[in-house]
2 protein chains.
Amino acid sequence: MYTPSTRPVVLDPRGAANICANCEARSQSVCDAVPDSDIARLAAIAVVTRAEPGTTFIQEGDSATHFFNISAGTVRMYKMLPDGRRQITGFSGVGHFLGLAVSDTYAFSAEAIDRVRFCKFSRARVRTLLDDFPAMEKRLLAVASTELVAAQDQMLLLGRKTARERLASFLMLQSRQGTICQGSRSRFALPMSRGDIADYLGLTIETVSRTLTKLRTEGFIEIPSASEIAIRAPGALENLATGMA
Amino acid sequence: MYTPSTRPVVLDPRGAANICANCEARSQSVCDAVPDSDIARLAAIAVVTRAEPGTTFIQEGDSATHFFNISAGTVRMYKMLPDGRRQITGFSGVGHFLGLAVSDTYAFSAEAIDRVRFCKFSRARVRTLLDDFPAMEKRLLAVASTELVAAQDQMLLLGRKTARERLASFLMLQSRQGTICQGSRSRFALPMSRGDIADYLGLTIETVSRTLTKLRTEGFIEIPSASEIAIRAPGALENLATGMA
DNA sequence: AGGCCGCATTGATTTGGATCAACGCGCCGT
DNA sequence: ACGGCGCGTTGATCCAAATCAATGCGGCCT
């Protein structure tokens with residue numbers, strides 16, 4: 001349940017001007033709000049870092065000194081109870097922004113699932129940057145609002161949906177925003193383990209496995225490998241997900 | 001589960017300049033970010049409205065035309081599944097700001113629990129106001145961040161806590177932010193029904209009732225009336241809430 | 001090629017909370 | 001004062017998912 005981990009590796013401690021200009025994640029992230037003409041200011045405060053699978057790079061309760069922007073890979077955010085029970089509050093992929101919080105400590109932990117690359121920004125420096133780029137502040141508000149809506153959906157899922165409905169919701173979400181595999185366009189990769197899915201959906205590994213198998217035998221989905229899913233009946237699965245079954 | 005309701009009553013369709021200046025909720029809300037010198041501009045776009053108990057004044061899925069600021073009473077926000085299952089995503093009291101969303105439809109419904117007074121602001125007009133008062137935009141970001149942290153806590157509760165731990169968490173939260181009754185300072189009012197508490201905690205009415213009774217017989221709390229609670233053992237209850245029991 | 005290890009699946013049994021059912025009580029309207 | 005009704009409590013039973021327990025399987029190291 002809890003994996004001690006290696007440390008993240010800093011790739012570029014003092015950002016060169018081009019790291020942001022050439023960043024392939026920029027268009028998908030809040031960094032897009034800084035115009036080309038000023039991109040060097042952003043690059044100057046960005047610290048590019050890599051984290052190997054399993055590495056914890058944000059620890060709940062630690063002093064919140066940085067913001068993070070994911071530029072490659074997938075991250076799990078989670079909270080834990082003292083006895084080891086874990087709730088994954090979300091998965092973050094390319095372009096996602098982490099670390100919004102008013103408090104001076106992080107409210108959650110974050111771990112690399114696969115190999116992850118992200119930019120670290122000192123909070124203090126971002127604050128001064130925000131004063132010059134109100135468009136970025138607007139983007140942050142939009143990000144926070146979007147996440148709030150997602151969080152409310154997740155509360156409905158955790159509080160009121162059955163295991164079957166939870167898996168259906170999760171699969172539909174992943175098919176929308178997950179990594180699309182070559183081949184059938186309804187096919188996608190699941191970078192996270194069954195344990196991660198269970199801790200995201202408030203279930204156990206066994207229930208996740210059993211329910212996926214059931215959805216497969218009933219013809220809703222295919223499971224070409226443990227980390228790949230193809231949706232056979234998107235409409236029916238969506239109905240399941242929204243409790244209309 | 002679903003209560004059809006009377007319509008909210010508009011008290012002051014065209015805000016007089018003093019309605020914001022004299023508003024007792026202002027200091028507790030985002031409106032505080034508008035300085036006294038400009039408060040008339042805020043008042044000009046505020047529509048003061050009252051809603052009787054049970055009135056739905058935001059309907060999930062409706063076109064999101066307004067923001068809301070609660071100035072009296074308590075509100076429940078919720079999402080529903082087609083078959084009537086309900087998840088309450090939060091309760092809002094004086095000073096709370098509702099309606100943040102990027103989407104053009106509301107992501108949740110909101111109902112008055114007791115008699116509620118709130119200010120309605122057209123989104124379009126707030127947007128122009130925000131351009132002139134970046135401090136307000138910062139306040140909104142702070143509000144959104146705070147709610148995001150609360151939402152993550154609630155996900156942990158819904159996904160991983162036992163009924164006992166959920167009630168303990170809820171009672172500790174209410175004792176911190178709820179209406180304090182006269183008498184013992186550990187005593188507070190619960191404006192919401194057992195059904196509301198159940199739908200907030202992902203439980204049934206029966207489990208809420210039984211669990212409260214158990215906490216009472218075990219000496220953690222007193223229940224002077226169905227809508228009042230006194231905490232007898234705050235430390236022990238907090239330990240329960242955080243899973244350290 | 002073999003064996004180990006971590007993840008996933010599948011099966012048997014248990015259980016916390018849901019559901020079904022009855023009753024108590026305070027409040028309101030007549 | 002009475003009766004009805006909505007809300008809350010309490011009791012009996014059920015069930016979806018958790019827990020306990022093997023077993024399968026693929027990748028990696030030697």
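Our next topic: the protein's contact with DNA strand D. Around DNA strand D, a shell composed of 15 residues is seen, among which Ala 163 and Thr 207 of chain A together with Arg 194, Arg 210 and Thr 213 of chain B lie nearest. Near the protein, within 4 Å, the atoms of DNA strand D are sugar or phosphate in 62% of cases. Between DNA strand D and Thr 207 of chain A, the relevant distance is 2.4 Å, taken from a phosphate oxygen to a side-chain nitrogen or oxygen of the residue. Between Arg 210 of chain A and DNA strand D, the recorded distance is 2.9 Å, taken from a side-chain N or O atom to a base oxygen. The biggest single contributor to the surface near DNA strand D is helix α7 (residues 205-217) of chain B, with five residues. Broken down by class, the residue content of the surface near DNA strand D amounts to three nonpolar, seven polar and five charged.

Let us now look at the relation of the copies chain A and chain B. When chain A is fitted onto chain B, the two copies agree to an RMSD of 0.0 Å after a turn of 180° and an axial shift of 0.0 Å. Here the symmetry operator amounts to a two-fold rotation axis. A symmetric contact is evident, with 100% of the interface residues of chain A recurring at the interface of chain B.

If you check the shell around DNA strand C, you find 16 residues, and the closest are Arg 194, Arg 210 and Thr 213 of chain A together with Ala 163 and Thr 207 of chain B. Close to the protein, within 4 Å, the atoms of DNA strand C belong to sugar or phosphate groups at a rate of 62%. A distance of 2.7 Å separates a base nitrogen of DNA strand C from a polar atom in the side chain of Arg 210 of chain A. Mapped by element, the contributors of at least two residues to the surface near DNA strand C are α6 (194-201) and α7 (205-217) of chain A together with α7 of chain B. Per-element accounting of the surface near DNA strand C gives the leading share, five residues, to α7 of chain A.

A few words on the interface of chain A and chain B. Across the contact, 43 residues belong to chain A and 43 residues belong to chain B. With both sides pooled, the region where chain A packs onto chain B buries about 4,000 Å², and carbon together with sulfur makes up 66% of that total. If you look at where chain A meets chain B, you find 18 residue pairs in polar contact (both at pLDDT 80 or more). Those elements that provide at least two residues to the side of chain A that touches chain B are β6 (86-92), α4 (134-160) and α6 of chain A. No other element matches α4 of chain A, which puts 20 residues into the side of chain A that touches chain B. For the side of chain A that touches chain B, the per-class residue count stands at 20 nonpolar, 11 polar and 12 charged.

A word on the domain arrangement of chain A. Residue and element names in this part refer to chain A. Domain boundaries in chain A define domain 1 (9-151) and domain 2 (161-241). Relative to domain 2, the C-alpha centre of domain 1 lies at a distance of 27 Å. Overall, the association of domain 1 and domain 2 removes approximately 780 Å² of surface from exposure, summing both partners, and the carbon and sulfur fraction of that is 52%. Area buried by domain 1 at its contact with domain 2 is led by Arg 86, Ile 88 and Phe 91, which between them contribute 57% of it. A salt bridge links Asp 199 to Arg 86, with the nearest nitrogen and oxygen atoms 2.7 Å apart. Viewed at the interface, domain 2 and domain 1 are joined by six residue pairs in polar contact (both at pLDDT 80 or more). The element best represented in the side of domain 1 that touches domain 2 is β6, accounting for six residues. The residue makeup of the side of domain 1 that touches domain 2, split by class, is three nonpolar, four polar and three charged.

Glancing now at the pairing of strand β11 (residues 221-225) of chain A. Residues and elements named next belong to chain A. In terms of strand pairing, β11 meets strand β12 (residues 228-231) through three bridges, oriented antiparallel. Paired with Ile 221 across the two strands is Ile 231, which belongs to β12. Linking β11 back to β12 in an antiparallel pair, the connection comprises two residues.

Under the definition given, this model contains 41 salt bridges over all chains. The partner of Arg 115 of chain A in a salt bridge is Glu 52 of chain A, and the shortest N-O contact between them spans 3.0 Å. One end of the pair, Arg 115 of chain A, is in the loop between β8 (109-112) and β9 (116-122); the other, Glu 52 of chain A, is in the loop between β2 (46-51) and β3 (56-58), and 63 residues separate them in sequence. Residue class for Glu 52 of chain A comes out partly exposed when judged on its relative accessible area of 25%. Linked through salt bridges whose partners overlap, the residues forming this network are Arg 76, Arg 86, Glu 111, Asp 196 and Asp 199 of chain A together with Arg 160 of chain B.

Basis of the calculations
In every chain, residue numbers begin from 1 and rise along the written sequence. By the order in which they are written, chains take letters starting at A while ligands take numbers starting at 1. In keeping with the predicted nature of the model, local features appear solely for residues at pLDDT of at least 70, side-chain atom pairs appear and are counted solely at 80 or more, and the whole-chain, interface and lining totals rest on all residues. For the side-chain quantities, the full set of heavy atoms in the structure was used; hydrogens and water were omitted. A molecule or strand has a residue near it when one of that residue's heavy atoms lies within 4 Å. N or O atoms within 3.5 Å of each other form a polar contact, as long as, within protein, one can give a hydrogen and the other can take it, and as long as residues adjacent in sequence are counted only when both atoms are side-chain atoms. The helix and strand labels rest on DSSP assignments: H or I over at least four residues marks a helix, E over at least two residues marks a strand, and numbering proceeds from the N terminus. In this classification, Asp, Glu, Lys and Arg are treated as charged, Ala, Val, Leu, Ile, Met, Phe, Trp, Tyr, Cys and Pro as nonpolar, and every other residue, Gly included, as polar. Least-squares superposition of the copies uses the C-alpha atoms of those residues scoring a pLDDT of at least 70 in each of them. Every residue pair with non-hydrogen atoms within 4.5 Å of one another is taken to be in contact. Buried surface area refers to the total accessible area, computed with a probe of radius 1.4 Å, that the two partners give up upon joining, counted for both partners together. For every domain, the bounds stem from an assignment made automatically or drawn from a database. Definition used for salt bridges: Asp or Glu carboxyl oxygen within 4 Å of a side-chain nitrogen of Lys or Arg. At least two bridges found by DSSP between two strands is the condition for calling them paired. Burial classes follow relative accessibility: with a 1.4 Å probe on protein chains only, a residue under 20% of its type's maximum area counts as buried, one over 50% as exposed, and anything between as partly exposed.

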